[in-house]
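As a plain string of letters, each chain reads:
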Amino acid sequence: DDVAAMPVTRTSSDRLFDFDLWLRVQPPRWPVRPYAEGFVGAKLVRARWAIARDDEVTDRGSDHAWTGVFGWGVGVDFMGLFSAVGAFSLTLGMRRLQGSQVQLERPIVSDGRAVARKREVATNEMIFVAGLCGRYDFGEAH
């Protein structure tokens, strides 16, 4: 009995969604303002996958899991960089978020069929931040 191998394509995508509360400490009016911040919150990890044989989708699915996170961040806010427009600043920083590992369903292909398997996904993140920030001081007299 001669069994021909049939090519199978598996595609998947993972998404991480962060829901955090954070506290930032920094000097209020320095032209260059270093900061430190702390985070606590939740993270939603979502995976979607599809398995196709001969360009025909034969199986698709998704899985998700929630986990708690905490973290810290540091950076610097260049408030004096835009002297013409004092309400804008450039922010550069980094954040480290720690979360537990979650288990998500991720199928493997065995004999041309999708077989569900759980796999561990790490939720730790290192995020580098570059942004433009605007501010308006309601207490400042114009």
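Since the structure is predicted, the reported quantities are computational estimates derived from the model, not experimental observations.

(A) Local environment of the overall build of the chain. Assigned secondary structure in the chain consists of 0 helices and 9 strands. Secondary structure of the chain in N-to-C order comes out as β-β-β-β-β-β-β-β-β. When burial is assessed residue by residue, the chain has 25% of its 142 residues classed as buried. Long-range contacts, defined here as pairs at least 24 residues apart, represent 63% of the contacts in the chain between residues at least 6 apart.

(B) Spatial organisation of a nonpolar patch on the surface. Residues Phe 17, Phe 19 and Trp 66 make up a contiguous nonpolar surface patch of roughly 340 Å² in combined accessible area. Here Phe 19 lies in strand β1 (residues 8-25). Look at Phe 19 and you get partly exposed, because its relative accessible area is 46%.

(C) Looking closely at the confidence of the model for the chain. Confidence in the prediction of the chain, expressed as mean pLDDT, is 81, and 77% of residues score 70 or more. Within the chain, no element has a lower average pLDDT than strand β7 (residues 113-115), which sits at 65, and none a higher one than strand β4 (residues 88-99), at 90.

(D) Fine view of the environment of Ala 122. Along the polypeptide, Ala 122 turns up in the loop between β8 (118-121) and β9 (125-134). Taking the relative accessible area as the measure of exposure, Ala 122 reaches 48% and is therefore partly exposed. Taking the C-alpha atoms as reference points, Ala 122 and Val 102, separated by 20 residues in sequence, lie 6.7 Å from one another.

(E) The arrangement of the packing of aromatic side chains in detail. Summed over all chains, the structure comprises 2 aromatic pairs. Ring geometry for Trp 22 and Phe 39: centres 6.5 Å apart, planes at 45 degrees, overall tilted. With Trp 22 in strand β1 and Phe 39 in strand β2 (residues 32-53), this residue pair connects regions lying 17 residues apart in the sequence. Given the relative accessible area of 48%, Trp 22 is considered partly exposed. Against the face of Tyr 35 rests Arg 24, its NZ or CZ located 3.7 Å from the ring centre. One cation-aromatic arrangement involves Arg 95 over Trp 22; the distance from NZ or CZ to the ring centre is 6.0 Å.

(F) Structural context of the environment of Arg 96. Examined against the element boundaries, Arg 96 turns out to sit in strand β4. Put simply, Arg 96 and Phe 70 are 26 residues apart on the chain and 8.5 Å apart in space, counted from C-alpha to C-alpha. Dropping the residues within four chain positions of it, Arg 96 is found in contact with Phe 70, Gly 71, Trp 72, Asn 124, Glu 125 and Met 126.

(G) Expanded view of the nonpolar core. Within the largest apolar cluster, 6 residues are counted, these being Val 45, Ala 47, Ala 65, Val 102, Leu 104 and Val 121. Going through the elements one at a time, β2 and β5 (102-105) are the ones with two or more residues in this core.

(H) Focus on the pattern of salt bridges. Applying the stated criterion across every chain yields a total of 6 salt bridges. Measuring nitrogen to oxygen at the nearest pair gives 2.5 Å for the salt bridge that ties Arg 33 to Asp 77. Taken together, the residues Arg 33 in strand β2 and Asp 77 in strand β3 (residues 56-78) connect sequence positions 44 residues apart. Of the two residues, Arg 33 and Asp 77, both sit in the buried class. The closest approach of N and O atoms between Glu 125 and Lys 43, which form a salt bridge, is 2.2 Å. Separated by 82 residues along the polypeptide, Glu 125 in strand β9 and Lys 43 in strand β2 bring together distant segments of the chain. Taken together, the shared-partner salt bridges in this structure form one network comprising Asp 18, Lys 43 and Glu 125.

Conventions adopted
Residues numbered from 1 in each chain as written. Predicted model: local features only at pLDDT ≥ 70, side-chain atom pairs only at ≥ 80, totals over all residues. Heavy atoms only, no water. Helix = DSSP H or I, 4+ residues; strand = E, 2+ residues; numbered from the N terminus. Buried < 20%, exposed > 50% of the residue type's maximum accessible area, 1.4 Å probe, protein only. Contact = heavy atoms within 4.5 Å. Patch = residues over 30% accessible without salt bridge, like charges linked within 9 Å, V, L, I, M, F, W, Y side chains within 5 Å. Areas by Shrake-Rupley, 256 points an atom, 1.4 Å probe, with all protein chains shown as cover. Salt bridge = Lys/Arg side-chain N within 4 Å of Asp/Glu carboxyl O. pLDDT = per-residue confidence, 0-100. Phe/Tyr/Trp six-rings, centres within 6.5 Å; stacked < 30°, edge-to-face > 60°. Lys NZ or Arg CZ within 6 Å of the ring centre and 35° of its normal. Core = buried A, V, L, I, M, F, W, Y, C linked by side-chain atoms within 4.5 Å.

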